Amino acid sequence: MTREGRLQDDACERDPIWERQVETETHAQAFERAASAWEKQFAYLMERSPFYARKFRDAGIGQAQVQLKDLARLPFSSKQELKNAMDEAPPFGSNLCVPPEQVKRVYQTSGTTGAPSVLALSRADIETWTVIGSRTYFATGIHDHSSVLTTFGAGPFVAGHTHFVLSRIGSRSVPVAPGDTDRVLFGLRAGLADTLLSTPSFAQYLANRLEKSEADPSSMELTHIVTGGEPGGGIPAIRDHIQTVLGATVTEVMGIGDIAPSLFGECPQQQGMHFCGGGHVWAELVNPDSREPMTIETGAVGEMVYTHLTREAMPVVRFLGGDLVRIEDSPCKCGRATFRMRVIGRRDDMFIVRGVNVYPSAILAVVGTFRPRVTGRARVIRKTTDVSVQPPVPIEVEVPDGQDGDARLQAEIEDAIHSTLIFRTKVDLIPEHTFGESGYKTRLTVERP
Ligand SMILES: [Zn+2]
């Protein structure tokens, strides 16, 4: 058995792939598996989903089977449409395909752009999410012998499903409420856990804090940090700092609430997240501007689009996930044949400076190199909702308390961003205590007229 699919200190002899058959099959086999599931799902949608039956009719799709290879004939589904479907027949909406009494679990979305919406699961959907999540977290290196301190709440958000996943994998769970830094520190210092699940913002905050307060923070039992909920764990400057200070390996996971809360998991090779939805979710890559289909191959950059193959309660078709990704090398040394990717940024966070697309994560990557003079967090201030931004672009960079008067640092960051990203910025240094909560997620862009 290869050692390459497991973490450095992991001496166990267990197969490091949760579902070997699904995760190592060829693309042709994966396609065949998906195509036969899709055949049933399409018929199911036509019969059970008033929302999709109407949407497909409006798009000129007849009753005849649309095969997986012709999926691009079907229209995309946007977040807004799904929200409208919900408002049409509350609480579950016109895309509910099971009787309401068969809805056995309900999560809510954050509602950052309006009122929250709900995500309904049947008993089978709960199981499917647990299976996909188990592949995902197992891929990161979490095994039954791991002790996992998780800062993901049980609800209202889909990240709560991770609790079922850890229990399925059989690891030790040490649940702590999001934002309860004291409990996290107690748990880690007491040696209750060797693994931490958190947002990269929180892991970064923890690294900054322990770097100042502990003689040797890397001497804790902690050896593995899995980040999720936002990009960051894959940005080298952020990852390296967390790894060095805490003496742990950082891997990341990603999910999409409407599809599956944990759909991509990065293996210990640390070169991108493997797709873990085989047989249940079909992933497409499309050109972010024209939305034309693209081939999922090394180096391709596009927007991910997802279709459920087995979802019962609220299945979605060709959902525009809003994440711009770069496809990484395959196959992977860990043995998985599934494609790997790294998130470049959220479509919503993108802005254009003089015709060039910019993602805040690119700015973070530059800012992070100024540590320890900065903490590593930064955000872009958008004066209008316009996607085009006139330089200099206003940016707030978090610095340790008492260092916000450093005019030289300010100029150095502006120069570094200019030479790397070729546009001018106006950097404001913001002390740690006024930047915002220490914690959960960091919004990468803030609108402030
Ligand atoms: Zn791998």
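Here the structure is shown first, and the text comes after it.
Here the structure is a predicted model, which is why all the values come from computation and not from measurement. (Residues numbered from 1 in each chain as written. Predicted model: local features only at pLDDT ≥ 70, side-chain atom pairs only at ≥ 80, totals over all residues. Heavy atoms only, no water.)

A. The arrangement of the coordination of the zinc ion in detail. In the first shell of the zinc ion, the protein supplies C267 (SG), H274 (NE2), C332 (SG) and C334 (SG), at 2.1 to 2.3 Å from the metal. If you look at the zinc ion, its 4 donor atoms make angles of 103 to 118° with each other, and the shape they trace is tetrahedral. Along the chain, the residues that donate to the zinc ion are spaced as C-x6-H-x57-C-x1-C. Just as C332 is buried, C334 falls in that class too. (Donors = N, O, S within 2.8 Å, 3.2 Å for Na, K, Ca; no water. Tetrahedral: all angles 85-135°; square planar, octahedral: opposite > 155°, others 65-115°. Buried < 20%, exposed > 50% of the residue type's maximum accessible area, 1.4 Å probe, protein only.)

B. Focus on the pairing of strand 18 (residues 393-399). Strand 18 sits mainly inside the fold: 7 of its 7 residues count as buried. In strand 18, alternate side chains face the same way, and those of V393, I395, V397 and V399 on one face and P394, E396 and E398 on the other are all buried. Alignment of strand 18 against strand 19 (residues 425-431), held across 7 bridges, turns out to be parallel. The partner of V393 across the bridge, within strand 19, is T425. Crossover connection from strand 18 via helix 11 (residues 407-421) to parallel strand 19: handedness right-handed. (Helix = DSSP H or I, 4+ residues; strand = E, 2+ residues; numbered from the N terminus. Pairing = 2+ DSSP bridges. Right-handed = clockwise from strand over helix to strand, strands pointing away.)

C. Quick look at the sheet that holds strand 4 (residues 172-175). In spatial order, the strands read 4-3-5-6-7-8-9-14-13-12-10-11; together these 12 strands make up an open sheet with mixed pairing. Bordering the open sheet on either side are strand 4 and strand 11 (293-294), each of which pairs with just one other strand. The sheet contact formed by strand 3 (residues 147-150) and strand 5 (residues 195-198) spans 3 bridges and is parallel. Among the inter-strand pairings, V148 is bridged to a residue of strand 5, identified as T195. Sheet strands in contact with helix 9 (residues 236-246) are strand 6 (224-227), strand 7 (249-256), strand 8 (260-266) and strand 14 (340-346), and its direction is about 135° off that of strand 7. (Contact = heavy atoms within 4.5 Å. Axes fitted to C-alpha atoms, helices over the stretch in contact; angles between N-to-C directions.)

D. Local environment of the environment of P50. Locating P50 in the fold gives a position in helix 3 (residues 50-58). The spacing of P50 and L96 is 46 residues in sequence and 8.2 Å in space, taken between C-alpha atoms.

E. Layout of the nonpolar core. Counting residues in each nonpolar core, the largest one holds 48 residues, and the members touching the most others are I225, L246, I363, V397 and I413. The element contributing the most residues to this core is helix 8 (residues 200-213), with 6 residues. Discounting chain neighbours no more than four positions away, the residues touching I413 are V367, F370, V374, V397, V427 and L429. One finds M46, I132, A300 and V325 within the second-largest nonpolar core, a separate group that totals 47 residues. (Core = buried A, V, L, I, M, F, W, Y, C linked by side-chain atoms within 4.5 Å.)

F. Quick look at the pattern of salt bridges. Within the structure shown, the criterion is met by 31 salt bridges. The salt bridge involving R183 is made with D180; its shortest N-O contact spans 4.0 Å. Residue class for R183 comes out exposed when judged on its relative accessible area of 54%. Overall, the relative accessible area of 28% leaves D180 in the partly exposed class. The residue K426 makes a salt bridge to D428 at a minimum N-O spacing of 3.5 Å. Here the residues in one salt-bridge network are R239, E252, E266 and R342, joined through shared partners. (Salt bridge = Lys/Arg side-chain N within 4 Å of Asp/Glu carboxyl O.)

G. Broad picture of unusual backbone geometry. Omega for the bond connecting P90 with P91 falls within 30 degrees of zero, at 0°, which places this linkage in the cis form. Relative to the helices and strands, P91 resides in the loop between helix 4 (79-88) and strand 1 (105-108). Here R371 and P372 are connected by a cis peptide whose omega angle stands at 5°. Tracing the chain through its elements places P372 in the loop between helix 10 (360-367) and strand 17 (378-382). For R291, which is not glycine, the phi torsion reads 60° and is therefore positive. Tracing the backbone through its elements, the reader meets R291 in the loop between strand 10 (281-286) and strand 11. A positive phi angle, near 65°, is found at I422, a position not held by glycine. Here I422 is to be found in the loop between helix 11 and strand 19. A residue is classified by how much of its surface remains accessible, and I422, at 63% relative accessible area, is exposed.

H. Summary view of the sheet that holds strand 20 (residues 445-447). Reading across from one edge, 19-18-17-20 is the order of the 4 strands in this open sheet, with mixed pairing throughout. Unpaired on one side and paired on the other, strand 19 and strand 20 mark the two borders of the sheet. On average, adjacent strands in this sheet sit at an angle of 30° to one another, irrespective of strand direction. Contacting strand 18 and strand 19, helix 11 runs over the sheet at an angle of about 135° to strand 19.

I. View of the layout of surface pockets. Taken as a whole, the second largest pocket encloses approximately 730 Å³ of empty space. What lines the second largest pocket is a set of 32 residues, and nearest its centre among them are H27, W282, A283, I296 and F339. Secondary-structure elements contributing two or more residues to the lining of the second largest pocket are helix 1 (20-24), helix 2 (27-48), strand 10 and strand 11. In terms of residue count, strand 10 provides more of the lining of the second largest pocket than any other element does, 5 residues in total. Looking at side-chain class alone, the lining of the second largest pocket contains 18 nonpolar, 8 polar and 6 charged residues. (1 Å grid on protein atoms, 1.4 Å probe; cavity = no way out; pocket = protein on both sides within 12 Å on 5 of 7 lines; lining within 4 Å. Points joined across faces, edges and corners; volume = space filled by probe spheres on them. Nonpolar A, V, L, I, M, F, W, Y, C, P; charged D, E, K, R; others polar.)

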